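Inside the fold
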Amino acid sequence: MNLPDRIQDLNYNLLKLSSLVETNIKDAFSAIEKKDLDKSKTVVNVDSKINMMEVEIEKEVNEIIEKFHPTDSDLRYLLAALKINNELERIGDYATNIARNTQFMVEHPDLELPDVLAHSAETLTSMLNKAINAFILSNEQTALDVIEMDDIIDKNNREIFSIFKEKTISNPAFLRQFIVFTNISRYVERAADHTTNIAEDIIFQINGKIVRHDETI
């Protein structure tokens, strides 16, 4: 198999991994919203598959580099693929962390996911979807859109902390909710950071430009 064919296969495997991660994030929040312990367990089980795929893709990239000694755009693609692969695995970990809070929701049947946190979940899945599309289409503008959306997640994260901090000060009974919801919000914020890293890696793949820490974008 020649280099273009190997890269095409790698591209397909990365897309499968990214789709699986996106679905697991959605399922993690669905488990919490519906108080569905079976779905939360499924998310945890799928994470093992994500981990295995991440290892296989890393091996695949290393084999391609060793065999073909690629240069220029092919090498940039492979370096970006390694980074994206790792970022997806980390996002998958946060999906698991989110899903594990389902037990708390089951124990509090009258409790609902705060609207601002639900909005963060929707924004994160939208970021992931856009990042996948940017990767498929080599679309720099879509990748830049993903980077800008991270500000929404950061704003919501601060709002969640502020809301439940005030509630807990007024009534210590809210302490457990404060811990659970701020933890979930932090997991979303970190997953969004990794999604932003993916967008930055895509831009590097497209034109070799390193935009991390670039405050002009």
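Whatever comes next refers back to the structure up there.
Quick notes on the rules
Residues numbered from 1 in each chain as written. Predicted model: local features only at pLDDT ≥ 70, side-chain atom pairs only at ≥ 80, totals over all residues. Heavy atoms only, no water. Helix = DSSP H or I, 4+ residues; strand = E, 2+ residues; numbered from the N terminus. Rg over C-alpha atoms; globule rule 2.2 N^0.38 Å. Buried < 20%, exposed > 50% of the residue type's maximum accessible area, 1.4 Å probe, protein only. Phe/Tyr/Trp six-rings, centres within 6.5 Å; stacked < 30°, edge-to-face > 60°. Lys NZ or Arg CZ within 6 Å of the ring centre and 35° of its normal. Axes fitted to C-alpha atoms, helices over the stretch in contact; angles between N-to-C directions. Parallel < 35°, antiparallel > 145°, perpendicular 65-115°, else oblique. Left-handed = near helix turned anticlockwise from the far one by under 90°. Contact = heavy atoms within 4.5 Å. Nonpolar A, V, L, I, M, F, W, Y, C, P; charged D, E, K, R; others polar. Salt bridge = Lys/Arg side-chain N within 4 Å of Asp/Glu carboxyl O. 1 Å grid on protein atoms, 1.4 Å probe; cavity = no way out; pocket = protein on both sides within 12 Å on 5 of 7 lines; lining within 4 Å. Points joined across faces, edges and corners; volume = space filled by probe spheres on them.

Some remarks on the overall build of the protein chain
Scanning the protein chain from terminus to terminus reveals 7 helices and 0 strands. Of the regular secondary structure in the protein chain, the N- to C-terminal order runs α-α-α-α-α-α-α. Here the C-alpha atoms of the protein chain give a radius of gyration of 19 Å, agreeing with the 17 Å that 2.2 N^0.38 yields for 217 residues. Along the three orthogonal principal directions, the C-alpha set of the protein chain runs to about 65 × 40 × 20 Å. Burial analysis of the protein chain (217 residues in total) assigns 47% to the buried set.

Comments concerning the packing of aromatic side chains
Summed over all chains, the structure comprises 4 aromatic pairs. For the pair Phe164 and Phe181, a centre-to-centre distance of 5.2 Å together with 45° between the ring planes defines the contact as tilted. Residue Phe164 is located in helix H6 (residues 140-170), and its partner Phe181 is located in helix H7 (residues 175-207); the two are separated by 17 residues in the primary sequence. Phe181 matches Phe164 in its accessibility class, with the two residues each being buried. Seen from the ring of Phe204, Lys83 lies directly overhead, with NZ or CZ sitting 5.4 Å from the centre. For Lys167, the ring lying beneath its charged end belongs to Phe164, and the centroid distance is 5.0 Å.

Some points on the packing of helix H5 (residues 115-137) against H6
Contact geometry for H5 and H6: axes closest at 9 Å, N-to-C directions at 165°. By the angle class used here, H5 and H6 are roughly antiparallel. In this structure, H5 meets H6 at a crossing whose hand is left-handed. Contact residues: H5 offers Val116, Leu117, His119, Ser120, Thr123, Leu124, Ser126, Met127, Lys130, Ala131 and Ala134, while H6 offers Thr142, Ala143, Val146, Met149, Asp150, Ile152, Ile153, Asn156, Glu159, Ile160 and Ile163. Residue composition of the contact of H5 with H6, by class: 13 nonpolar, 6 polar and 3 charged.

Focus: the pattern of salt bridges
Note on pairing: side chains with opposite charge can pair once their charged atoms come close. If you walk through the whole model with that rule in mind, you get 4 salt bridges. When the shortest N-O distance is used, the salt bridge between Arg6 and Glu63 registers 3.6 Å. Of this pair, Arg6 sits in helix H1 (residues 3-34) while Glu63 sits in helix H2 (residues 37-68); the two residues are 57 residues apart in sequence, bridging distant segments of the chain. What makes Arg6 buried here is its relative accessible area of 14%. Residue Lys155 is joined to Glu159 by a salt bridge in which the shortest nitrogen-to-oxygen separation is 3.9 Å.

Section: unusual backbone geometry
In this model, Asp72 sits at a positive phi of 50°, which is unusual for a non-glycine residue. Residue classification places Asp72 among the exposed positions, given a relative accessible area of 60%. Phi is positive for Ser138, which is not a glycine, with a value near 50°. Along the chain, the position of Ser138 falls in the loop between H5 and H6. Judged by relative accessible area, Ser138 falls into the partly exposed class, the value being 38%.

Remarks on the side chain of Thr102
Its place among the elements puts Thr102 in helix H4 (residues 102-107). For Thr102, a relative accessible area of 0% puts it in the buried group. When residues no more than four places from it in sequence are discounted, the contact partners of Thr102 are Ala31, Ile32, Lys35, Asp36, Leu37 and Ser40.

A few points about empty space enclosed by the protein
Considering all chains together, one arrives at 1 cavity of 30 Å³ or more under this definition. Along its surface, the largest cavity is lined by Leu14, Leu15, Ser18, Ile84, Leu88, Leu128, Ala131, Ile132, Phe135, Ile198 and Ile202. Looking at the lining of the largest cavity, the elements that each hand over two or more residues are H1, helix H3 (72-99), H5 and H7. Ranked by the residues each element gives to the lining of the largest cavity, the list is headed by H5, at 4 residues. Tallied by class, the residues present in the lining of the largest cavity amount to 10 nonpolar, 1 polar and no charged.

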